[in-house]
Amino acid sequence: MSVSLSITYFYLMIFLSYFFLSSIYDIKSRSVPNILHFLFILLGFPIFIYFNFNQVSELNSDLIINSILRFIPGIVLALISIASGGGLGIGDAVFITVSAFFIPLNYILTLVISGFFTAFIASMFILIYGKISGKALYSVSLPFIPFMLPGLYFILRDMEYTGGLL
């Protein structure tokens, strides 16, 4: 029990590191380096396998489908990024896809929905400010990953192994 619990906390700390490093890069340069994504794929994949496949006695279709479903939001965001010509950055889609190694589908959807909602609110304030000040702020780009922070709060609040930390 304590070994599993310590692995779970380690896993959570890896994800939080990934989230905050990606947020910092996204704020500073509007992009996240590919090496950062790759590093966290290498860190997340073994633990993803451990938690999802190693602890079960036999593989069944539900387990495989649930594991694959985690990656669907990131793939959908990548398709939106391609279709919008980069309106939503491909790095944001890669971030969500890599996050699937660390958190389940409901938490990924929480991140994405909170990110879109808070980015919408910030965009409205920017557009209203631009209208009031007479500036054309329609082409302002926003880093998307930091706007997922409210979703991270809800995730940490609900995670069973944080003990309702927040």
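For the structure given in this document, a descriptive report is provided here. Fair warning: this is a prediction, and the values are worked out from it, not measured in the lab.

Each value, and the rule that gives it
Residues numbered from 1 in each chain as written. Predicted model: local features only at pLDDT ≥ 70, side-chain atom pairs only at ≥ 80, totals over all residues. Heavy atoms only, no water. Helix = DSSP H or I, 4+ residues; strand = E, 2+ residues; numbered from the N terminus. Buried < 20%, exposed > 50% of the residue type's maximum accessible area, 1.4 Å probe, protein only. Contact = heavy atoms within 4.5 Å. Areas by Shrake-Rupley, 256 points an atom, 1.4 Å probe, with all protein chains shown as cover. Core = buried A, V, L, I, M, F, W, Y, C linked by side-chain atoms within 4.5 Å. Arc of directions from axis to C-beta. Polar contact = N/O pair within 3.5 Å; in protein donor to acceptor, adjacent residues only side chain to side chain.

**Things to note about the overall build of the protein chain**
- Assigned secondary structure in the protein chain consists of seven helices and zero strands.
- When its helices and strands are written in sequence order, the protein chain yields α-α-α-α-α-α-α.
- Counting only residues that meet the buried cut, the protein chain has 37% of its 166 residues in that class.
- Residue pairs at least 24 apart in sequence account for 67% of intrachain contacts in the protein chain once pairs closer than 6 positions are excluded.
- A total accessible area of about 9,700 Å² is found for the protein chain, and carbon and sulfur atoms account for 72% of it.

**A short note on the nonpolar core**
- Counting residues in each nonpolar core, the largest one holds 37 residues, and the members touching the most others are Phe102, Ile103, Leu111 and Met148.
- Top element by residues in this core is helix 1 (residues 2-29). It accounts for seven residues.

**Describing helix 7 (residues 149-158)**
- Gly151, Leu152, Ile155 and Leu156 are the residues of helix 7 that are buried. In an axial view of helix 7, the angular spread of the buried residues amounts to 135°, which keeps them on one side of the axis.

**Examining the side chain of Ser114**
- Structurally, the position occupied by Ser114 is in helix 6 (residues 105-133).
- According to the relative accessible area criterion, Ser114 is buried, its value standing at 10%.
- Looking at Ser114, its side chain comes within polar contact range of the main-chain nitrogen of Gly151, at 3.0 Å.
- Leaving out residues up to four positions away in the same chain, Ser114 has contacts with Phe147, Met148, Pro150 and Gly151.

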